[in-house]
2 protein chains.
Amino acid sequence: MAFLIAQRAFIKLYLITMVEKNRGYGYQMLEELRNEFKSFGYSPPQSEIYRALHELVQEGVLYRTKKLKGNDPSVDFQEIVLYHFTDQGAELAKLYKKQVKADLDRCLAILHKSVEDNY
Amino acid sequence: MAFLIAQRAFIKLYLITMVEKNRGYGYQMLEELRNEFKSFGYSPPQSEIYRALHELVQEGVLYRTKKLKGNDPSVDFQEIVLYHFTDQGAELAKLYKKQVKADLDRCLAILHKSVEDNY
DNA sequence: CGATGAACATCTTGTTCATTC
DNA sequence: GAATGAACAAGATGTTCATCG
């Protein structure tokens, strides 16, 4: 049995939510997460974001499209990878979120307990 | 920067509290923890408890004494290892607990945030 | 079986490098 | 520097084995 939720699962949850909100590509999501958690002393490593995205693709939740970043191709040729739900993706995501929610609640309960027990 | 608190630190916290309360030896503490967290779907592995105890000794927080378990040596020769605070141990423990408390609060904040952000 | 310990195997992470524009 | 990816190194854990009474 597991202790606390894994970082990977935690990040996947955020990625799914971001895809729901049409927040585009990897690097951007990374920056956003780093920003969000900066004040919590947590800076998700870049590799974890990509790994998580790859896993979500493997699992059939997301699929990828490629796009040039700028609107004017003559200015910016940078290619970015966008993520979208597959046909079953929305369903799978819903299920995944449900499971993670249960795990988050479990973790919160454990941590609360430990504060009560030790302080 | 770290994500959530490590299992090791979490266990050390409990061990320190248990030593404060004169709750004796490794195996016993293991059983107690397993019992406490059974309903949370968490069963700390035996190796982690011993590793944590060894570390606390390394760090100069605890020292060990050995004792025969039963009161009547002719009946039970089982040797157990008891843990106590060293001279500086109480101080070190206090400090350690303070740090862990900060980390626990940080973890709680992160998890709460993630529930807010994703549900 | 209760008790302690170590070894080993693995899974999860963090750091670094490679590549492209 | 923005962006993606993989390789590699290190750490933290889980599982199994060894020993003793």
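Computed from a prediction, not measured in an experiment: that's the story for all the values here. Per chain, the residues get numbers from 1 upward, laid out in the order the sequence is written. The lettering of chains begins at A and the numbering of ligands begins at 1, in the order of writing. With the structure being a predicted model, the display of local features is reserved for residues of pLDDT at least 70 and the display and counting of side-chain atom pairs for 80 or more, all residues being used for whole-chain, interface and lining totals. Only hydrogens and water are removed before side-chain values are computed, so all heavy atoms of the structure are retained for them.

Caption draft 1: Local environment of helix H3 (residues 46-58) of chain A. All names here are of chain A. The end-to-end C-alpha distance of H3, which contains 13 residues, comes to 19 Å, matching closely the 18 Å that a straight helix rising 1.5 Å per residue would cover. Every buried residue of H3 is accounted for by Glu48, Ile49, Ala52, Leu53 and Leu56. Buried positions in H3, seen along its axis, are confined to an arc of 135° and lie on one side of it. Any two residues whose heavy atoms approach within 4.5 Å at even a single point are treated as in contact. The numbering of helices and of strands both runs from the N terminus, where a helix is a DSSP run of H or I of at least 4 residues and a strand a run of E of at least 2. Here the buried face of H3 lies against helix H1 (7-20), helix H2 (26-37), strand S1 (62-68) and strand S2 (79-85). Multiplying 1.5 Å by the helix residue count minus one yields the expected span of that helix. To sort residues, take the accessible area from a 1.4 Å probe on protein chains only and compare it with the maximum for the residue type: under 20% means buried, over 50% means exposed, and anything in between is partly exposed. Our arc is simply the arc of the directions from the helix axis toward the C-beta atoms.

Caption draft 2: Region of interest: the relation of the copies chain A and chain B. For the pair chain A and chain B, the superposition axis carries a translation of 0.0 Å, the fit reaches an RMSD of 0.0 Å, and the rotation angle comes to 180°. In short, the pair behaves as if placed about a two-fold rotation axis. Taking C-alpha positions as the reference, the residue of chain A nearest the rotation axis is Leu108 of chain A, at 3.2 Å. The copies were overlaid by least squares, fitting only the C-alpha atoms of residues that reach a pLDDT of 70 or more in each copy.

Caption draft 3: Structural detail: the interface of chain A and chain B. Across the boundary between the two partners, chain A contributes 35 residues, which contact 35 residues of chain B. Between chain A and chain B lies a buried interface of about 3300 Å² when both sides are counted; carbon and sulfur atoms form 71% of it. Salt bridges are defined as contacts in which a side-chain nitrogen from Lys or Arg sits within 4 Å of a carboxyl oxygen from Asp or Glu. Run the count over chain A and chain B and you get two salt bridges. A salt bridge links Lys113 of chain B to Glu36 of chain A; the nearest nitrogen and oxygen atoms lie 2.5 Å apart. By the criterion applied in these results, polar contacts are pairs of N or O atoms within 3.5 Å in which, for protein atoms, one can donate a hydrogen and the other can accept it, and in which residues neighboring in sequence qualify only through two side-chain atoms. In this structure, the connection of chain A to chain B is made through 14 residue pairs in polar contact (both at pLDDT 80 or more). Taken together, the elements giving at least two residues each to the side of chain A that touches chain B come down to H1, H2 and helix H4 (89-118) of chain A. Residues of the side of chain A that touches chain B, tallied by class, amount to 21 nonpolar, seven polar and seven charged. What gets called buried area is simply the loss in accessible area from a 1.4 Å probe that two parts show on being joined, summed for both. In the scheme used here, Gly and all other residues not listed as nonpolar or charged are polar, with Ala, Val, Leu, Ile, Met, Phe, Trp, Tyr, Cys and Pro taken as nonpolar and Asp, Glu, Lys and Arg as charged.

Caption draft 4: Just the protein's contact with DNA strand D, in detail. A single heavy atom is enough: if one lies within 4 Å of a molecule or strand, its residue is considered near that molecule or strand. The full set close to DNA strand D counts 22 residues, and Tyr25, Tyr27 and Arg64 of chain A together with Gln7 and Phe77 of chain B are the nearest of them. Near-protein atoms of DNA strand D (within 4 Å) split between backbone and bases, with sugar and phosphate holding 67%. Residue Tyr50 of chain A places a side-chain N or O atom 2.9 Å away from a phosphate oxygen belonging to DNA strand D. Taken together, the residues that form the surface near DNA strand D break down as ten nonpolar, seven polar and five charged.

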